[in-house]
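Structure at a glance
Read off the chains here:
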Amino acid sequence: MALSHSLGFPRIGRDRELKKALEAYWKGELDEAGLQAVGRRLRAAHWQVQKDAGIDLLPVGDFAWYDHVLTHSLTFGVIPERFRPKSGQPTLDTLFAMARGVSANKSSQGACCGSAHAQEMTKWFDTNYHYLVPEFSADQQFQLSWEQLFEEVAEAHSLGHRVKPVIIGPLTYLWLGKTKGAAFDRLDLLERLLPVYGEILQRLATQGVEWVQIDEPILALDLPQDWKNAFERGYNILQREPGKKLIATYFGGLEDNLGLAASLPVDGLHIDLVRAPEQFPTILDRLPAYKVLSLGVVDGRNIWRTDLQRTLAILQQAQERLGERLWVAPSCSLLHSPVDLEREDQLGDELKSWLAFAVQKCKEVALLTTALNAPHNANVQAALTQSEAIQASRTQSPRIHKPAVQARLAAITAADSQRQSAFAQRIEQQRARLQLPVFPTTTIGSFPQTAAIRLARQSFKAGKLSLADYTEAMHNEIRHAVEVQENLGLDVLVHGEAERNDMVEYFAEQLDGYAFTRFGWVQSYGSRCVKPAVIVGDLSRPQAMTVEWIRYAQGLSRKVLKGMLTGPVTMLMWSFPRDDISREQQARQLALAIRDEVLDLEAAGIKIIQIDEAAFREGLPLRQAQWQGYLNWASEAFGLCAAGVRDETQIHTHMCYSEFNDVIESIAAMDADVITIETSRSDMQLLQAFEAFDYPNDIGPGVYDIHSPRVPDTAEMVKLLRKAAQRIPVERLWVNPDCGLKTRAWSETEAALINMVAAARQLRTELA
Ligand code: GLN
Ligand code: ZN
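With an unreviewed UniProt entry as reference, the chain is termed 5-methyltetrahydropteroyltriglutamate--homocysteine methyltransferase, source organism Pseudomonas guineae. Under Function (unreviewed entry), UniProt gives the following word-for-word description of the chain: "Catalyzes the transfer of a methyl group from 5-methyltetrahydrofolate to homocysteine resulting in methionine formation." Its UniProt record gives the chain the following Pathway (unreviewed entry) comment, quoted word for word: "Amino-acid biosynthesis; L-methionine biosynthesis via de novo pathway; L-methionine from L-homocysteine (MetE route): step 1/1."

1. Remarks on the site of ligand 1
As a structural note, the neighbourhood of ligand 1 is formed by Ile-444, Gly-445, Ser-446, Glu-497, Met-503, Asp-612, Ala-614, His-654, Cys-656, Cys-739, Gly-740 and Lys-742. Separating an oxygen atom of ligand 1 from a side-chain N or O atom of His-654 is a distance of 3.1 Å. Lys-742 is positioned such that a nitrogen or oxygen atom in its side chain is 3.1 Å from an oxygen atom of ligand 1. For ligand 1, whose accessible area on its own is 290 Å², the fraction buried by protein is 94%. Classifying every residue of the shell around ligand 1 by side-chain character gives five nonpolar, four polar and three charged.

2. Considering the sheet that holds strand 19 (residues 575–576)
As a general point, the strands of a sheet are linked pairwise by backbone hydrogen bonds and lie either parallel or antiparallel. Taken in spatial order, the three strands of this open sheet run 14-17-19, and their pairing is mixed. If you trace the sheet from one side to the other, it starts and ends with strand 14 (512–515) and strand 19, each paired once. Where strand 14 meets strand 17 (residues 533–540), three bridges bridge the pair, whose relative direction is antiparallel. Residue pairing across strands places Ala-515 opposite Val-534, the latter belonging to strand 17. The strands touched by helix 23 (residues 583–603) within the sheet are strand 14 and strand 17, with strand 17 carrying the most contacts at an inclination of about 65°.

3. A short note on empty space enclosed by the protein
Taken as a whole and judged by the stated rule, the model has six cavities of 30 Å³ or more. By volume, the largest cavity amounts to about 180 Å³. Of all elements in the fold, only helix 3 (68–75) and strand 6 (163–168) reach the threshold of two or more residues within the lining of the largest cavity. It is strand 6 that provides the largest number of residues to the lining of the largest cavity, a total of three residues.

4. Let's talk about the coordination of the zinc ion (ligand 2)
Ligation of the zinc ion (ligand 2) by protein atoms is provided by His-654 (NE2), Cys-656 (SG) and Cys-739 (SG), these donors lying 2.0 to 2.5 Å from the ion. If you look at the zinc ion (ligand 2), its four donor atoms make angles of 84 to 123° with each other, and the shape they trace is irregular. Among the residues examined, His-654 registers a relative accessible area of 3% and is labelled buried. For Cys-739, a relative accessible area of 16% translates into the label buried.

5. Looking at helix 17 (residues 423–434)
If you check helix 17, its first and last C-alpha atoms are 15 Å apart, about what twelve residues at 1.5 Å a residue would give, namely 16 Å. Along helix 17, the positions that sit buried rather than exposed are Phe-423, Arg-426, Ile-427, Gln-430 and Leu-434. Buried residues of helix 17, viewed axially, fall in a sector of 95°; they line one side. Within helix 17, the exposed residues directed more than 90 degrees away from the buried face are Ala-424, Glu-428 and Ala-432. Looking at the buried side of helix 17, the elements it contacts are strand 18 (560–566), strand 20 (608–612), strand 21 (650–655) and strand 23 (698–701). Where helix 17 ends, the next residue or the one after it, Gln-435, has phi of about 50°, a positive value.

6. Quick word on the sheet that holds strand 9 (residues 244–248)
On the basis of which strands lie adjacent, the open sheet formed by eight strands has the order 1-12-11-10-9-8-6-2 and parallel pairing. Because the sheet does not close on itself, it has two edges, and the strands there are strand 1 (3–4) and strand 2 (58–60). Note: strand 6 against strand 8 (residues 211–215), three bridges, orientation parallel. Opposite Ile-168, over in strand 8, you have Asp-215 as the bridge partner. Of the strands in this sheet, strand 2 and strand 6 are in contact with helix 6 (residues 148–158), which crosses strand 6 at around 165°.

7. Examining the UniProt feature "active site" (unreviewed entry) in the chain
In this numbering, the UniProt entry assigns the feature "active site" (unreviewed entry) to His-707. Within the secondary structure, His-707 is located in the loop between strand 23 and helix 27 (714–727). Exposure remark for His-707: the relative accessible area of 39% places this residue in the partly exposed category. Reaching out from His-707, the side chain makes a polar contact with the side chain of Asp-705 at a distance of 2.6 Å.

8. Topic: the environment of Thr-206
Along the polypeptide, Thr-206 turns up in helix 8 (residues 190–206). For Thr-206 and Gly-243, which are 37 residues apart along the polypeptide, the C-alpha to C-alpha distance reads 9.6 Å. One polar contact links the side chain of Thr-206 to the main-chain carbonyl oxygen of Gln-202, over a distance of 2.6 Å.

9. Description of helix 9 (residues 225–238)
The end-to-end C-alpha distance of helix 9, which contains 14 residues, comes to 20 Å, matching closely the 20 Å that a straight helix rising 1.5 Å per residue would cover. The set of residues buried in helix 9 consists of Trp-227, Lys-228, Ala-230, Phe-231, Gly-234, Tyr-235 and Leu-238. Projected down its long axis, helix 9 shows its buried positions confined to an angular sector of 155°, all on one face. Here the buried face of helix 9 lies against helix 7 (170–176), helix 8, strand 8, strand 9 and helix 10 (258–263).

10. Observations concerning the packing of aromatic side chains
Overall, the coordinates contain 22 aromatic pairs when judged by the stated rule. Each ring, one from Trp-175 and one from Trp-227, has its centre 5.0 Å from the other, and the planes form 85°; the classification is edge-to-face. Of the two residues, Trp-175 sits in helix 7 while Trp-227 sits in helix 9, which places them 52 residues apart along the sequence. Residue class for Trp-175 comes out partly exposed when judged on its relative accessible area of 23%. On the accessibility criterion, Trp-227 (5% relative accessible area) is buried. Both rings, one in Tyr-514 and one in Phe-516, keep their centres 6.3 Å apart while their planes meet at 20°; by these two values the pair is stacked. A residue is classified by how much of its surface remains accessible, and Tyr-514, at 9% relative accessible area, is buried. Here Phe-516 falls in the partly exposed class, since its relative accessible area comes to 28%. One aromatic cluster is present, built from ring pairs that chain together Phe-76, Phe-136, Phe-142, Tyr-173 and Tyr-197.

Cut-offs and rules
Residues numbered from 1 in each chain as written. Chains lettered and ligands numbered in written order. Predicted model: local features only at pLDDT ≥ 70, side-chain atom pairs only at ≥ 80, totals over all residues. Heavy atoms only, no water. UniProt positions renumbered as here; feature names shortened; annotations may be inferred. Near = heavy atom within 4 Å. Polar contact = N/O pair within 3.5 Å; in protein donor to acceptor, adjacent residues only side chain to side chain. Areas by Shrake-Rupley, 256 points an atom, 1.4 Å probe, with all protein chains shown as cover. Nonpolar A, V, L, I, M, F, W, Y, C, P; charged D, E, K, R; others polar. Pairing = 2+ DSSP bridges. Helix = DSSP H or I, 4+ residues; strand = E, 2+ residues; numbered from the N terminus. Contact = heavy atoms within 4.5 Å. Axes fitted to C-alpha atoms, helices over the stretch in contact; angles between N-to-C directions. 1 Å grid on protein atoms, 1.4 Å probe; cavity = no way out; pocket = protein on both sides within 12 Å on 5 of 7 lines; lining within 4 Å. Points joined across faces, edges and corners; volume = space filled by probe spheres on them. Donors = N, O, S within 2.8 Å, 3.2 Å for Na, K, Ca; no water. Tetrahedral: all angles 85-135°; square planar, octahedral: opposite > 155°, others 65-115°. Buried < 20%, exposed > 50% of the residue type's maximum accessible area, 1.4 Å probe, protein only. Expected span 1.5 Å × (residues − 1). Arc of directions from axis to C-beta. Phe/Tyr/Trp six-rings, centres within 6.5 Å; stacked < 30°, edge-to-face > 60°.

Quick look at the structure:
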C-alpha cells in the first residue's frame with residue numbers, strides 16, 4: 001500500500017489565530033498559559049484536519065512559536081550569550097527575545113536578559129518566509145535544551161494520531177547559521193552537534209515513534225565538496241541511532257547531489273517533483289532497493305489545483321517499480337501555502353475550482369494515494385473526472401487566455417527594451433532639461449502612512465467614504481507632502497504614495513488578470529503574514545493607474561516631480577504566479593502593462609519616472625547555473641517597461657538591499673538613468689561592488705537608514721557622501737534616504753530630511 005504523508009502544515013491558523021495570540025502575549029494582554037492553550041488548540045486542529053483529509057502520517061514539529069529554525073536553536077542550546085538566561089533554562093521569553101530583541105527598559109522590569117539585539121533574519125531559501133539565523137561561536141557547545149518536540153509528540157499520541165516528527169537535518173542546520181567572533185568553519189561543529197541528534201532520535205524512539213523526517217533541503221543547492229563529504233560522514237554516524245529516517249529535500253532538484261542523497265544510509269528519501277520533475281526517472285534507477293521514495297507531487301508553494309490525471313500517471317509508474325515503498329506528499333511543507341480555500345466566500349465558483357490551499361492539498365495527496373491503492377474506488381473516479389474538467393476549463397478559459405495580450409507579446413522585439421540613445425547622450429539632455437544642482441536630493445517615494453490615511457482608505461473600500469471625499473482626502477495628503485518637500489528644499493519631489501496600501505497590491509488591483517483572496521495569508525516571519533495577489537490570467541492594464549495623482553502633485557509645484565511605479569519582477573515575485581506559463585512570460589506581460597503607464601506619465605509631462613525593483617535580487621534561482629537565465633529575462637523585463645520613453649525622460653529604479661556583487665552587471669544592463677540603493681546600514685560597504693565593477697549611470701547610495709526612528713545628523717551623512725564621492729564621480733551622485741518613508745512618523749522624517757538637505761549643500765560647496 002502506498003502511504004500518504006504531509007511534510008508540514010501552516011502553523012498560523014485558518015483565522016491567523018497564532019498571530020493574534022502572539023501579539024496579545026507580547027502586549028501583555030494574554031498570559032503564557034493562554035498562549036500555550038492557543039498553540040495546543042491549533043496543533044490539535046491541524047492534525048485533525050490533515051487526518052480528516054486522509055493523510056496517513058501526520059507531521060509533528062512543524063508548529064513553532066516564531067520560527068522552526070529558532071526552535072531548533074533552542075533545542076540544541078544554540079543560545080547566544082546575550083540571551084542566555086541566568087537560571088540556565090531557556091523559557092518562551094528567551095525564545096521571543098532571540099527573535100525580537102530586548103530593549104533596555106524591558107529588561108529592567110526583569111523580563112529576561114538585559115538589552116540585546118535580535119538575531120538576524122533572512123529568507124528561507126527562495127521563499128518569502130524568513131528564519132532566524134543561528135549564531136555559532138568557535139567554542140559552541142550543543143546540548144538538548146528544549147522539550148517542545150517531545151511534548152508535541154506526546155500530545156499527538158494522546159490524541160490518537162500516528163505521527164512522524166520533523167526535524168531540520170544537521171547539515172542544513174549548520175548551513176543556515178553564521179559564525180560569530182573568531183573565524184572558523186561551521187562545518188567543524190558537525191561532530192559536536194551529532195550527539196544531540198542521537199539523543200533526539202533515542203528519545204523519539206522511546207516515545208514509540210517509527211519514522212522521523214529529517215529535512216535536508218540544502219541537497220537541492222550547489223554544495224562545496226567538504227559539505228558533500230560531511231553528509232556521508234554525518235549520516236554514517238546517525239544511522240546507528242534508532243528509528244527509521246526519511247531525508248526530505250525540496251525547492252529544487254538534487255542534480256549533482258542525487259547519487260549522494262540516494263545512497264545515504266537512511267530508510268527513505270523525499271524529492272520535490274513539482275520544482276524538478278526531471279529527476280523522476282533517474283531517481284528510480286539510483287535508489288537502493290530497501291528505501292522508501294516519497295514523491296512530492298502537490299505544489300506546496302502555490303495555490304493551484306493539481307492535475308490529478310497527469311500526476312497519477314507518474315505515481316503509477318513509480319508504483320510499478322517501488323510497490324509498497326512509494327509514499328505520496330506535497331512537494332514541501334505547506335507552510336508556504338494559505339490554509340483553507342473553504343474560507344473564501346468571494347472568489348466565484350470558477351476561480352475557486354482552480355485553486356487548492358493547504359487543506360485541499362492534503363486531500364489531493366490522499367486522493368492520489370487512494371487512486372494507487374484502490375483504483376476502482378468511486379471517489380477516485382469522480383475526482384479524476386472532475387480534475388480533468390478543471391484542467392480543461394483552465395486551458396480554454398477566456399479569463400486566462402487573452403489573444404490581445406498574446407499578440408502584443410509576440411510582437412516584442414529586442415529593440416523594445418533598449419532606450420533610443422546611450423546613457424551618455426541621454427543624461428546630457430536630461431541635465432539640460434531638469435536643471436538640478438550637483439548632489440541632487442530626493443526621496444524613495446513614500447511619505448508616512450498615517451493612521452488617518454489608512455482610515456480614509458478603509459472607509460472608502462467599505463463604501464463609507466465617497467470617491468469624491470476620498471480623492472479630496474488623498475489630495476490633502478499629497479498637498480501636505482509637496483509643501484513639506486518644498487520647505488525642506490528637496491530638489492526632486494514625490495507625491496508621497498498616500499493612496500497605496502502596498503507597492504504590489506495597489507497595482508495588481510488595477511490590472512486585468514489578477515485576483516485577490518480574503519484569507520489567503522501566508523506566514524512571512526513571526527506573527528507577520530502576507531496575502532499575495534494571484535496572477536490568474538494574461539495581464540493587461542485597462543486604464544492609467546497613477547497618472548491622476550501624480551499630475552495633481554506636479555501641478556502643485558514648479559519643482560520636478562518624480563512618478564512612482566513598481567517594476568515587473570517585484571510584481572511577480574510578491575504574487576502567486578501562474579503555473580501554466582513561465583515566470584519570464586508573466587514578467588513580460590507585467591512589463592508591457594507598466595510600459596503603458598510609463599508612457600502615460602511621460603505624456604502627462606512627468607519628467608522623471610521611478611520603477612521600483614525591490615525584489616530583483618530575491619528572484620535569483622537557488623542554483624548558480626540558472627542565474628544568468630533569470631538575470632537576462634529580469635533585466636530585459638525592466639528594459640521593456642522603461643525603454644519606451646524619450647531620451648530626455650529620466651528613468652530611476654530603486655532596490656532596497658546591499659548585496660549587489662552577484663547581480664551588478666545585470667543591474668547595469670537594466671540601464672536605468674539613476675539607481676537608488678540601500679547602503680547606510682553597511683556604512684557604504686556596498687560601494688565595493690560598484691568599485692569592482694564600473695557602474696556606468698547615476699547612483700543614489702542611501703545616506704541614512706529609514707528602518708530606525710533615529711534621526712541621523714548632518715555630519716554623519718556628509719561623511720558617507722564623502723566616502724561615496726571617492727568612488728563615484730560627483731556629477732553622478734544623488735542624495736537620498738535608503739528606502740521609502742511610509743513606516744516613519746512625520747516628525748522623524750522632517751528632522752532627518754532637514755539634515756540630509758544640509759549635508760548635500762555642504763558637499764556642493766566642498767566638492768563641486
Ligand atoms: N517607492 C516605494 C516606497 O517608497 C519603495 C518601497 C520599497 O523599496 N520597498 O515606499
Ligand atoms: Zn526600498
